[in-house]
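Below, each chain spelled out in residue letters.
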2 protein chains.
Amino acid sequence: MRNLSLLTDFYQLTMAQGYCQKGKTETAVFDLFYRENPSNNGYAIFAGLEQIIEFVENLRFKEDDISYLKNQGFNDKFLDYLRNFKFKGDIYSVPEGSVVFPKEPLLKVEAPILQAQLLETPLLNLINHQALIATKAARINEAAKGKNVLEFGLRRAHGPDAGIYGARAAVIGGCVGTSNVLTGKKFGVKVSGTHAHSWVMSFESELESFRTYADNFPNNCILLVDTYDTLKSGVPNAIKVFKEMKEKGIESDLFGIRLDSGDLAYLSKEARKMLDQAGFEDAVIVASNNLDENIITSLNLQGAEIDLYGVGTRLITSYDSPAFGAVYKMSEYSDQPKIKLSDNIEKMTNPGDKKLVRIYDKESGKIRADLIALKNEEISENEDLTLFDARDTWKTTTLKKGSYQLRDMLEPIFKNGQLVYDSPSVLEIKNYAEKEKDSLGEEYKRLTNPHIMKVDLSDKLFDLKQRLIKKNKMKK
Amino acid sequence: MRNLSLLTDFYQLTMAQGYCQKGKTETAVFDLFYRENPSNNGYAIFAGLEQIIEFVENLRFKEDDISYLKNQGFNDKFLDYLRNFKFKGDIYSVPEGSVVFPKEPLLKVEAPILQAQLLETPLLNLINHQALIATKAARINEAAKGKNVLEFGLRRAHGPDAGIYGARAAVIGGCVGTSNVLTGKKFGVKVSGTHAHSWVMSFESELESFRTYADNFPNNCILLVDTYDTLKSGVPNAIKVFKEMKEKGIESDLFGIRLDSGDLAYLSKEARKMLDQAGFEDAVIVASNNLDENIITSLNLQGAEIDLYGVGTRLITSYDSPAFGAVYKMSEYSDQPKIKLSDNIEKMTNPGDKKLVRIYDKESGKIRADLIALKNEEISENEDLTLFDARDTWKTTTLKKGSYQLRDMLEPIFKNGQLVYDSPSVLEIKNYAEKEKDSLGEEYKRLTNPHIMKVDLSDKLFDLKQRLIKKNKMKK
């Protein structure tokens, strides 16, 4: 286990010492939320909670941390506090793999202010990474329209963790597996891959390299055909080897070719014809090379004959949108609701200790809207429910009782510092995420200009917010 | 120490088993190079070597790795090989902090093919991350024109390593410090930061929050002034507190304000006037909020009064260009030079065991060009040196003997598996990188449309490449 206790911004520690010094031990409530969907998607996939749990459970300051901080000028009273630190608060969160939307609380920490504050940076770091990659993976899988997608990006990830946990998030977002062996081992997800150009180049001929590969891995025999010339050399040599395998009576579980350069639409169609003509209708065609949701969509439109996509750089870095932008804001301190003002109403925070209620259409099972309400407010399924836009308040919708169902999205993870939640396995989370995506109408899932899901405030929260805006403006 | 031995692509292991099975133990030479500078910069900063050394030194397969691989279907002969694995080859590299250019070998591995192949993914992962962030940091520091830049991005980094080693790389690229405490502890770099909006919001008034902060941290007292209203509330309250400190006779090492929203050019100029009028000419103004090299350049052009920039998201993710794109290609196998063909001459690799020679102008000390040559070729300072463009071969330049100096860029790191290199400290690397940047003419450092550094091939390498292209084309 790595010691990541100092994985935080310096100012969290200066503030913590300040709170310690001043004896401020009141409870604060912080919300973790984000403001915009990455890549202009219609939703995001929440991920990273298991790593948050691991972090919080292991958050202890060791003597070498303490002596480092002493050298940085922190005082003994505070260092003694850290020496005995153990998280004592509550954490609520939406489950990993949940479909989520901007501005709603995804995770909530209630703890003595010093403790809640200390969690800010690591929690944001973990969620901002994994939610980003899970969301990008969901987009890419949406584009693949049921064809399988493999995560291939380790070499372009931002360091080891970005590779390991990025692959985890990619599987949650919809990928069937990864090339990353360590992720496979850690999380029990499927790993795959066959060989590179260097394999071919290390033999006297491409044919000999294919033959050797097939001898070694008859049951997972995807031959990379573009080292010299895809259609004149690679595919014919692959077919020769598949024939030899057939003659030897080998029935392969998985065999085929991989295209890694050139015009993938044209080459895949030509290769498909050649494979079919040789009697290998069951040979699969894998494609890789700077793929993303746009290129995959274009390949589909061109009728490319690709069975499996390997996606690297643009998935593991979320290339067009490489930051998720979740923030962590105080909404209550010492039982007083708090708001952060801004000239831009979109940037004002929602005050108070809150809950997130998801509203489903009873008939279709699809999400109608999300509602942010105060924690102790009762939202009942037994009455008509009127929703209104928090900015354009004249925009209202009334849902008849009986036509909708409610779900409380925030589940308890820690209570009084005790873990009260069992993390599902990554494959369980992946299956849950598939169901979550099914709960979205198609119009929310399209890749360009998706519908914007309504995320509304309850009457009571709206009123509280207006009151606090006025009160805080008067402070000026 | 984490066990990262399985941090690799699955195909590296299938190929390795294939080599093991076939008894292929010949030496291969692999070059690590990149094709394009990120963010259209004129150069890149090489970083990540210390972590490569750590990885290679610790590359052992433990029993739990072996049993995982056994379950994946690998055979006992290969697993026995892995059980006794220890890297036995040579690694050469340019030093960390070096200014480097596209297509030249930055790092070279010479080892039995199986071993050289096994290093591909982790080496690329480490370099692709750190060279990316170091290069982005160099751009941002270039824009800051001598003003200090701090790295503030941990919360938006792609997981813990991206934060820890991203901050390391940012310091190498030119930042004076980071907010990341763990990076400070691990690498002895300066950490800084003061307080967040939540600090202010947890007090009854902004003034009380500032006062408490100043009491606790008189010597590093940067007050965040935009929680309520920067010019009407934040700056006047900060000035009030600075006056109280003065009255108490406190002489602060560092005090001032931080702006984190709004029009930073306007607010910084107004705040500067207010601070100066109150007699606090030595109060510093720190700015943050989605900064990058373009916004910093614009702030400079507007005469913003900013002393210190805190840069987060766009540095730690290299937002506009989030992948470095280094690759690792075989250039020799069993003493035979190898080439990877492509329809695009830019994508063809340079064959053979090579060296990288940097040519400096003797008078100015600036880099004239880089020359890629065969390892055993003698390039002498005692003759005129004619360089030519590898594509437009009629473009030649002749350097008179005595007017230039040569430097061999690739230094031995491992010899026969033994580490023969002392990693400098991060601050030493940072200082070296500053000198490296000084060896570039201004025209290579400008942020838009920089000069392209000449990276030429020696006559012998050029001839070898042409010969292999013809030979391989005939293979088709």
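Think of each chain on its own: its residues are numbered from 1, step by step along the sequence as written. Chain A is the first chain written and ligand 1 is the first ligand written, with later ones labelled in order. With the structure being a predicted model, the display of local features is reserved for residues of pLDDT at least 70 and the display and counting of side-chain atom pairs for 80 or more, all residues being used for whole-chain, interface and lining totals. As a rule here, side-chain values cover all heavy atoms of the structure and leave hydrogens and water aside.

So, the pairing of strand β3 (residues 90–93) of chain A
Residue and element names in this part refer to chain A. Note the threshold: A 1.4 Å probe rolled over the protein chains alone gives each residue an accessible area, and that area as a share of the maximum for its type sets the label: buried under 20%, exposed over 50%, partly exposed in between. Comment: elements are numbered from the N terminus, with helices defined as DSSP H or I runs of at least four residues and strands as E runs of at least two. When DSSP finds at least two bridges between two strands, those strands are taken to pair.
Residue alternation in β3 divides its side chains into two sets, D90 and Y92 and I91 and S93, and both sets are buried. When β3 meets strand β5 (residues 107–112), the two strands line up antiparallel, connected through four bridges. Pairing of Y92 across the sheet is with K108, part of β5. Summarising the sheet, β3 and strand β19 (residues 411–415) pair through three bridges and their orientation is antiparallel. Its bridge partner being in β19, Y92 is matched across the sheet by P412.

Some points on the UniProt feature "domain: Nicotinate phosphoribosyltransferase N-terminal" (unreviewed entry) in chain A
This is how it is decided: UniProt positions are given in the numbering used here, feature names are shortened, and annotations may be inferred rather than shown by experiment.
What UniProt calls "domain: Nicotinate phosphoribosyltransferase N-terminal" (unreviewed entry) maps, in this numbering, to residues 6–128 of chain A. Secondary structure content for residues 6–128 of chain A is 45% helix and 17% strand, while the C-alpha to C-alpha distance between its ends is 18 Å.

What about the relation of the copies chain A and chain B?
Applicable threshold: The copies were overlaid by least squares, fitting only the C-alpha atoms of residues that reach a pLDDT of 70 or more in each copy. Residues are treated as being in contact if the distance between any of their heavy atoms lies within 4.5 Å.
The transform that puts chain A on chain B rotates by 180 degrees and translates by 0.0 Å along the axis, for an RMSD of 0.0 Å. Viewed as a symmetry operation, the transformation between the two copies matches a two-fold axis. Among all residues of chain A, the minimum C-alpha distance to the rotation axis is found for D161 of chain A, at 2.8 Å. Looking at chain A, 100% of its interface residues are interface residues in chain B too, so the copies touch through the same face.

What about the sheet that holds strand β7 (residues 177–178) of chain B?
Residue and element names in this part refer to chain B. Strand order in the open sheet formed by six strands is β7-β6-β11-β10-β9-β8, and the pairing between neighbours is parallel. Strand pairing shows two members of the sheet lacking a second neighbour, β7 and β8 (221–224), which therefore form its edges. One ladder, built from two bridges, connects strand β6 (residues 148–151) with β7; its direction is parallel. Across the sheet, the residue bridging to L150 is G177, located in β7.

Some points on the packing of helix α2 (residues 49–57) of chain B against helix α6 (residues 120–144) of chain B
The description of two helices packed together rests on the angle between their axes and the distance between the axes. All names here are of chain B. Selection criterion: The axes are straight lines fitted to the C-alpha atoms, using for helices just the contacting stretch, and the angles between their N-to-C directions are given from 0 to 180°. If an angle is under 35 degrees, it is roughly parallel; if it is over 145, roughly antiparallel; if it lies from 65 to 115, roughly perpendicular; otherwise it is oblique. The crossing is said to be left-handed when, going from far helix to near helix, the turn is anticlockwise and less than a right angle, and right-handed when the turn is clockwise. When residue character is reported, Ala, Val, Leu, Ile, Met, Phe, Trp, Tyr, Cys and Pro are called nonpolar, Asp, Glu, Lys and Arg charged, and the others, Gly included, polar.
α6 packs onto α2 with a crossing angle of 160 degrees between their chain directions and a minimal axis gap of 9 Å. In this view, α2 runs roughly antiparallel relative to α6, as classed from their interaxial angle. Judged by the twist between their axes, the crossing of α2 over α6 is right-handed. Contacts between α2 and α6 involve L49, Q51, I52 and F55 on the former and, on the latter, P122, L123, L126, I127 and Q130. Residue composition of the contact of α2 with α6, by class: seven nonpolar, two polar and no charged.

Notes on the packing of aromatic side chains
Which entries qualify depends on this criterion: Paired rings are identified among Phe, Tyr and Trp, the last through its six-membered ring, by centres lying within 6.5 Å, and are further divided according to the angle between planes into stacked (under 30 degrees), edge-to-face (over 60) and tilted (the rest). Here, over-ring charges are defined by two tests on the NZ atom of lysine or the CZ atom of arginine: distance to the ring centre within 6 Å, and angle to the ring normal within 35 degrees.
All chains considered together, the criterion is met by 32 aromatic pairs over all chains. Summarising the aromatic geometry, the rings of Y165 of chain B and F187 of chain B are spaced 6.0 Å apart at their centres and angled 65 degrees between planes, so their arrangement reads as edge-to-face. Residue Y165 of chain B is located in helix α7 (residues 160–173), and its partner F187 of chain B is located in helix α8 (residues 181–187); the two are separated by 22 residues in the primary sequence. We classify Y165 of chain B as buried; its relative accessible area is 10%. Ring pairs connect the aromatic residues Y19 of chain A together with W199, F203, Y213 and F217 of chain B, which therefore count as one cluster. Directly above the ring of F203 of chain B sits K24 of chain A, whose terminal nitrogen or CZ lies 3.5 Å from the centroid. Its end group placed over the ring of Y319 of chain B, R314 of chain B keeps NZ or CZ at 5.7 Å from the ring centre.

Section: the pairing of strand β11 (residues 308–311) of chain B
Where a strand is regular, its side chains alternate between the two sheet faces. Residue and element names in this part refer to chain B. Condition: Orienting the strands away from the viewer, one traces the path from the first strand over the helix to the second; a clockwise path indicates a right-handed crossover.
Along β11, one buried face is formed by L308 and G310 and the opposite face, lined by Y309 and V311, is buried too. Note that β6 and β11 share four bridges and pair parallel. Bridging across to β11, V149 finds its partner in Y309. Two strands pair when backbone bridges link them, and strand β10 (residues 284–287) and β11 are joined in this way by two bridges, in the parallel orientation. Counterpart to A287 in the pairing with β11 is Y309. Between β10 and its parallel partner β11, the chain crosses via helix α13 (residues 293–301), and the hand of that crossover is right-handed.

Remarks on the pattern of salt bridges
Let me state the cut-off plainly: When a carboxyl oxygen of Asp or Glu lies within 4 Å of a side-chain nitrogen of Lys or Arg, that pair is called a salt bridge.
Tallying each qualifying case throughout the model produces 68 salt bridges over all chains. In this structure, R358 of chain B and E104 of chain B form a salt bridge, with 3.5 Å as the shortest nitrogen-oxygen distance. One end of the pair, R358 of chain B, is in strand β14 (residues 354–361); the other, E104 of chain B, is in the loop between β4 (99–100) and β5 (107–112), and 254 residues separate them in sequence. Like E104 of chain B, R358 of chain B is buried. Between R211 of chain B and E244 of chain B there is a salt bridge, with its nearest N and O atoms 2.9 Å apart. Here R211 of chain B, found in helix α10 (residues 206–216), pairs with E244 of chain B, found in helix α11 (residues 230–247); they are 33 residues apart in sequence, far enough to count as distant. For R211 of chain B, a relative accessible area of 35% translates into the label partly exposed. Residues joined in a network through salt bridges with shared partners are E104, R358, D370, R407 and E436 of chain A.

Some points on a positive patch on the surface
Worth spelling out the cut-off: Only residues whose relative accessible area exceeds 30% and that form no salt bridge are eligible for patches; like-charged ones are grouped when within 9 Å, while nonpolar side chains (Val, Leu, Ile, Met, Phe, Trp, Tyr) are grouped when within 5 Å. Method for areas: the Shrake-Rupley scheme with a 1.4 Å probe, in which residue coverage is limited to the protein chains shown. Two residue types count as positive, namely Lys and Arg, and two as negative, namely Asp and Glu; His and chain ends fall outside the count. By convention, charge coordinates are those of NZ in Lys, CZ in Arg, CG in Asp, or CD in Glu.
Together, R60, K62, K86 and K88 of chain A line one region of the surface with positive charge. In this structure, K88 of chain A sits in the loop between α4 (76–83) and β3.

Focus on the side chain of R358 of chain B
Residue and element names in this part refer to chain B. Applied cut-off: N or O atoms within 3.5 Å of each other form a polar contact, as long as, within protein, one can give a hydrogen and the other can take it, and as long as residues adjacent in sequence are counted only when both atoms are side-chain atoms.
Take R358: its relative accessible area is 0%, and that puts it in the buried class. Among the polar contacts made by the side chain of R358, one reaches the side chain of D370 at a distance of 2.9 Å. Apart from residues no more than four positions distant in its own chain, R358 is found in contact with V99, V100, F101, E104, I367, A369, D370, Q405, L406, R407, M409 and E436.

Concerning the side chain of N37 of chain B
Mapped onto the elements, N37 of chain B comes out in the loop between β1 (27–33) and β2 (44–45). Engagement of the side chain of N37 of chain B in a polar contact is seen with the backbone oxygen of N41 of chain B, the distance being 3.1 Å.

Overview of the sheet that holds β14 of chain B
Residue and element names in this part refer to chain B. Here we have four strands laid out as an open sheet, ordered β18-β14-β15-β21, and mixed in their pairing. The open sheet has two free edges, formed respectively by β18 (404–408) and β21 (455–457), since each of these has just one partner strand. Sheet twist, expressed as the mean angle between neighbouring strand axes with direction ignored, is 30 degrees. Sheet analysis places β14 next to β18, joined by five bridges and oriented antiparallel. If you follow I359 over to β18, its bridge partner there is L406.

Thoughts on the domain arrangement of chain A
Quick note on the threshold: Start and end points for every domain follow an automatic or database-based domain assignment.
Entries for chain A in the domain assignment read domain 1 (143–316) and domain 2 (352–408 + 446–476). Each of domain 1 of chain A and domain 2 of chain A has a C-alpha centre, and these two points are 46 Å apart.

What about the environment of D459 of chain B?
With respect to the helices and strands, the residue D459 of chain B is situated in helix α17 (residues 459–475). Residue D459 of chain B is classed as exposed on the basis of its relative accessible area, which comes to 51%.

Concerning the interface of chain A and chain B
Many authors give the size of an interface as the accessible area that is lost as the parts come together. Note the following rule: A simple way to read buried area is as the amount of 1.4 Å-probe accessible surface that goes missing from two parts once joined, with both sides added.
Contact with chain A, which involves 96 residues of that partner, is made by 96 residues of chain B. Taken over both partners, the interface formed by chain A and chain B buries close to 8400 Å², and the fraction arising from carbon and sulfur atoms is 60%. Sorting the residues of chain A by area buried against chain B places R155, H158 and M201 of chain A first, and these three jointly supply 10% of that buried surface. Joining chain A to chain B, the criterion identifies 10 salt bridges. Between D64 of chain A and K185 of chain B there is a salt bridge, with its nearest N and O atoms 2.8 Å apart. In this structure, the connection of chain A to chain B is made through 42 residue pairs in polar contact (both at pLDDT 80 or more). By residue number, the principal contributor to the side of chain A that touches chain B is helix α1 (residues 10–22) of chain A, which donates 11 residues. Residue composition of the side of chain A that touches chain B, by class: 42 nonpolar, 33 polar and 21 charged.

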